[in-house]
Amino acid sequence: MTRRFAVGRRRDRVAEVEWLSGGGTEMEFETEAQRECYEDRIGPWMLEIFGDGIMTREDRPVIGVRHGSAFAQVGVVPWGDSDTTVTTRAYVVTDVELTPELLHYLLTRNEGMPFGAFAVDRDGDILFEHSIVGSTCDRKELEASVKAVLATADQYDDEIVERWGGRRALEEER
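Figured I'd write up the structure that's included with this text. The model shown is predicted, which means the values in this text are computed figures rather than measured ones. Each chain carries its own residue numbering, running from 1 in the direction its sequence is written. Totals for whole chains, interfaces and linings use all residues, but because this is a predicted model, local features are given only for residues with pLDDT of at least 70 and pairs of side-chain atoms are given and counted only at 80 or more. With hydrogens and water stripped out, all remaining heavy atoms of the structure feed into the side-chain values.

**So, helix H1 (residues 32-50)**
In an α-helix there are 3.6 residues to a turn, and that puts residues three or four apart on one side.
Then, in step 1: Counting from the N terminus, the helices are DSSP H or I runs at least four residues long and the strands are E runs at least two residues long. Here, expected helix span is obtained from the residue count minus one, scaled by 1.5 Å. Here H1 contains 19 residues, and its C-alpha end-to-end distance of 26 Å stays within 8% of the 27 Å for a straight helix at 1.5 Å per residue.
Then, in step 2: Along H1, the largest kink reaches about 40° and is centred on Tyr38.
Then, in step 3: Those residues of H1 not exposed but buried are Ala33, Gln34, Cys37, Tyr38, Ile42, Gly43, Trp45, Met46, Ile49 and Phe50.
Then, in step 4: Should any heavy atoms of two residues lie within 4.5 Å, those residues are counted as being in contact. Looking at the buried residues of H1, the elements they touch are strand E3 (54-56), strand E4 (62-67), strand E5 (70-79), strand E6 (83-94) and helix H3 (139-164).
Then, in step 5: One or two positions beyond H1, positive phi appears at Gly51, with a value near 60°. Throughout, the bend at a residue refers to the angle made by two axes, fitted to the seven residues ending there and to the seven starting there. Using a 1.4 Å probe on the protein chains alone, a residue whose accessible area is under 20% of its type maximum counts as buried, one over 50% counts as exposed, and one in between counts as partly exposed.

**Notes on the packing of aromatic side chains**
Then, in step 1: Aromatic pairing here means that ring centres of Phe, Tyr or Trp (its six-membered ring) are within 6.5 Å. Orientation follows from the plane angle: under 30 degrees is stacked, over 60 is edge-to-face, and everything else is tilted. Under the defined criterion, the tally for this structure stands at 5 aromatic pairs.
Then, in step 2: Ring centres of Phe118 and Tyr156 lie 5.3 Å apart, and the angle between their planes is 80°; on these two criteria the pair is classed as edge-to-face. Remark: Tyr156 occurs in helix H3 and Phe118 occurs in strand E7 (residues 117-120); sequence separation between them is 38 residues.
Then, in step 3: Among the residues examined, Phe118 registers a relative accessible area of 7% and is labelled buried.
Then, in step 4: Overall, Tyr156 belongs to the buried group, its relative accessible area being 10%.

Below you can see the structure in the form of structure tokens.
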């Protein structure tokens, strides 16, 4: 079963994800470390933590999970030849005017975050992300990272839209 989620404002950010039971296209890895991290640790741990609620990309080592109004993507990216980073990213708000007041708000919220930080991408969309080192992460650290990103995006999207406008970054397409 394929679901489409519009994540951000640009069409290329639409994440087409297959439920884990899907299949067909072979995953492409850039390094052996990336393959090992994704297949031996991140994939199985995400399934243990979130069960059938996870969605995978068939073509890249990315796993999506939804919580409330947030959709986070966990990607395993090469870091040199022998290691990886595991980055969890959730778009929070799009189509918002980035006023000095809003940017100040985001920066001051970053100071108190135990995991991750707000950022603004090149299109002016607000996102929240956190990265950990693939070779040293464990299941508990991954769970804390993903849940922190999901909870933060789910909490702050409504507040930002209410105060500064824009729209939540996630809207399910039908």
